[in-house]
Amino acid sequence: MFTNAITRQPSKEMVDGITTAGLGKPDYELALKQHAAYCQALSDLGLDVTVLAPEPGYPDCCFVEDTAVVCEHVAILAPLGALSRQGEQKSIEPVLAKYKPIEYVAAPATFEGGDVLQVENTFFIGVSDRTNMAGAKAFCAAVSACGYECHAVQCGPSLHFKTDVNYIGGDTLLVSPYFKDAPELAGFERIVVEDDEAYARNCLLVNGTVIVPAGFPKTLAQVEALGRPVVVLDVSEFRKLDGGLSCLSLRF
Ligand code: CIR
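What you see is a predicted model; the values in this text were computed from it and never measured.

Engineer: It is not clear to me how the overall build of the chain should be interpreted in this structure. Could you clarify?
Structural biologist: For the chain, the helix and strand inventory stands at six helices and 15 strands. Its C-alpha radius of gyration of 17 Å places the chain within 12% of the 18 Å reference for a compact globule of 252 residues. Across its three principal axes, the chain shows a C-alpha extent of roughly 40 × 40 × 35 Å.

Dropping the structure here:
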């Protein structure tokens, strides 16, 4: 069960965030409202939510998930792979240090939290444009020392591993066609989310409830069919920056 979340409000600079979505510039005022609703939803699910102020000079700073991975024993700060985001992790450090001992991964290793998926006592880390093999190895070494299993998985063309693969409870993953038969994910039930609803692959499991992004009826129906509680949230303005539901918080 999660008891805490850390989020960071977007700033007006978000219009300069990194994007490949081709959906236009985000509407800042609407993003603020969507962000507030997201924080409220986490709070309604029982989490104590710390909302940080935006960090000047970092247009993507609301995507706090990428800055660290927090597990039961430690928080591992991420040396981010995106040049314009390097340094975002520094201001997260004192916040996380209130809860966990901090571990560091040194350059030239890079990794981003969006490439890390935890399923119970197992971590998967995607090797992507943002997470290099040295980063994946260093991350695996850090969590293995805490007793977790860890597997490095080669990503496809998507931004992060969790752009493509997410855990929604039980033994079920939402996956892209790219990971449909991936041997590293053997043993899981895989619901393949086709490209017309690609964004909805990034659903977020919080204390037994699955948060699903608004606007993806097929995925919503598939998740609802599993019988778990579902909350639907509109995060359209973050989608314009390639950010999904998981990207907007650190949960622990
Ligand atoms: C980026 O490209 O870094 C941001 N525009 C989006 C980050 C999304 N984060 C995530 O998937 N964990």
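Engineer: Even after reading the chapter, I still don't get the site of the ligand, so can you show me in this structure?
Structural biologist: Looking at the ligand, there are 13 residues lining it, with I18, D60, D66, L241 and C247 nearest. In the model, an oxygen atom of the ligand is placed 3.0 Å from a nitrogen or oxygen of the H160 side chain. When grouped by side-chain class, the residues that make up the shell around the ligand number four nonpolar, three polar and six charged.

Engineer: When you look at the sheet that holds strand 2 (residues 48–52) in this model, what are you seeing that I'm missing?
Structural biologist: Whether parallel or antiparallel, the strands of a sheet pair through hydrogen bonds between backbone atoms. Read from one edge to the other, the open sheet built from three strands follows the order 2-1-15, with strand pairing classed as mixed. Two strands in the sheet have a free side with no partner beyond their single neighbour: strand 2 and strand 15 (250–251). Note: strand 1 (residues 4–8) against strand 15, two bridges, orientation antiparallel. Across the sheet, I6 pairs through a bridge with L250, a residue of strand 15. Of the strands in this sheet, strand 1, strand 2 and strand 15 touch helix 1 (residues 28–44), which is tilted by about 175° from strand 1. Here helix 2 (residues 88–96) sits on the sheet and contacts strand 1, strand 2 and strand 15; the angle it forms with strand 1, its principal contact strand, is near 150°.

Engineer: How should I be thinking about the nonpolar core in this particular structure?
Structural biologist: Nonpolar side chains in soluble globular proteins generally cluster together in the buried interior. Core analysis: the largest hydrophobic core is formed by 23 residues, its most contacted members being I211 and F238. Looking at this core, the elements that each hand over two or more residues are helix 1 and strand 12 (204–206). Counting residues per element, this core draws most heavily on helix 1, at four residues.

Engineer: Even after reading the chapter, I still don't get the pairing of strand 8 (residues 149–154), so can you show me in this structure?
Structural biologist: As paired elements, strand 7 (residues 122–127) and strand 8 share six bridges and run parallel to each other. Bridge pairing in strand 8 places V127 opposite Q154. For the segment spanning strand 7, helix 3 (residues 133–144) and strand 8, crossover handedness is right-handed.

Engineer: Explanation requested: the packing of aromatic side chains in the structure shown.
Structural biologist: Aromatic ring pairs are reported here in terms of the distance separating the ring centres and the angle at which the planes meet. One pass over the structure, following the stated rule, counts nine aromatic pairs. A ring pair is formed by Y199 and F216, whose centres lie 5.8 Å apart and whose planes are at 40°; its orientation type is tilted. One end of the pair, Y199, is in the loop between strand 11 (189–192) and strand 12; the other, F216, is in the loop between strand 13 (209–213) and helix 5 (217–224), with 17 residues separating them in the sequence. Each of the two residues, Y199 as well as F216, counts as buried. Members of the aromatic cluster, connected to one another through ring pairs, are F111, F123, F139 and Y148.

Engineer: How should I be thinking about the sheet that holds strand 8 in this particular structure?
Structural biologist: Ordered by their spatial adjacency, three strands build an open sheet running 6-7-8, and the pairing between neighbours is mixed. Strand pairing shows two members of the sheet lacking a second neighbour, strand 6 (116–119) and strand 8, which therefore form its edges. In this sheet, adjacent strand axes meet at a mean angle of 20° when their direction is disregarded. When strand 6 meets strand 7, the two strands line up antiparallel, connected through four bridges. Considered in strand 7, the bridge of Q118 is made with F123. Docked against the sheet, helix 3 engages strand 6, strand 7 and strand 8, running at close to 170° with respect to strand 7.

Thresholds, definitions, all that
- In this numbering scheme, every chain counts its residues from 1 along its sequence in written order.
- Given that this is a predicted model, residues contribute local features only at a pLDDT of at least 70 and side-chain atom pairs are listed and counted only at 80 or more, while totals for whole chains, interfaces and linings are drawn from all residues.
- As a rule here, side-chain values come from all non-hydrogen atoms in the structure, and water together with hydrogens is ignored.
- For the purposes of this entry, the term helix denotes a DSSP run of H or I that reaches at least four residues, the term strand denotes a run of E that reaches at least two, and both are numbered from the N terminus.
- Only C-alpha atoms enter the radius of gyration; for comparison, a globular chain is expected to reach 2.2 Å times N to the power 0.38, where N is the number of residues.
- In these notes, residues near a molecule or strand are those with any non-hydrogen atom within 4 Å of it.
- Whenever a nitrogen or oxygen atom comes within 3.5 Å of another N or O atom, the pair is scored as a polar contact, on the condition that within protein one atom can donate a hydrogen and the other can accept it, and that pairs from neighbouring residues in sequence are kept only if both atoms are in side chains.
- Residue classes follow a fixed rule: Ala, Val, Leu, Ile, Met, Phe, Trp, Tyr, Cys and Pro count as nonpolar, while Asp, Glu, Lys and Arg count as charged, and any other residue, Gly among them, counts as polar.
- When DSSP finds two or more bridges between two strands, those strands count as paired.
- The contact criterion used throughout is that any non-hydrogen atoms of two residues lie within 4.5 Å.
- As a rule, the C-alpha atoms of each element are fitted with a line to give its axis, helices using only the stretch in contact, and angles between N-to-C directions run from 0 to 180 degrees.
- In this text, buried Ala, Val, Leu, Ile, Met, Phe, Trp, Tyr and Cys residues form a nonpolar core when linked through side-chain atoms within 4.5 Å.
- Summary of the burial criterion: residues with accessible area below 20% of their type's maximum are buried, those above 50% are exposed, and those between are partly exposed, where the area comes from a 1.4 Å probe applied to protein chains only.
- Note on handedness: a clockwise path from strand one over the helix to strand two, with the strands aimed away from the viewer, defines a right-handed crossover.
- Classification of ring pairs rests on two measures: the distance between centres of Phe, Tyr or Trp rings, Trp counted by its six-membered ring, which must be within 6.5 Å, and the angle between planes, read as stacked under 30 degrees, edge-to-face over 60 and tilted in between.

On their own, these measurements won't tell you what the molecule is for.
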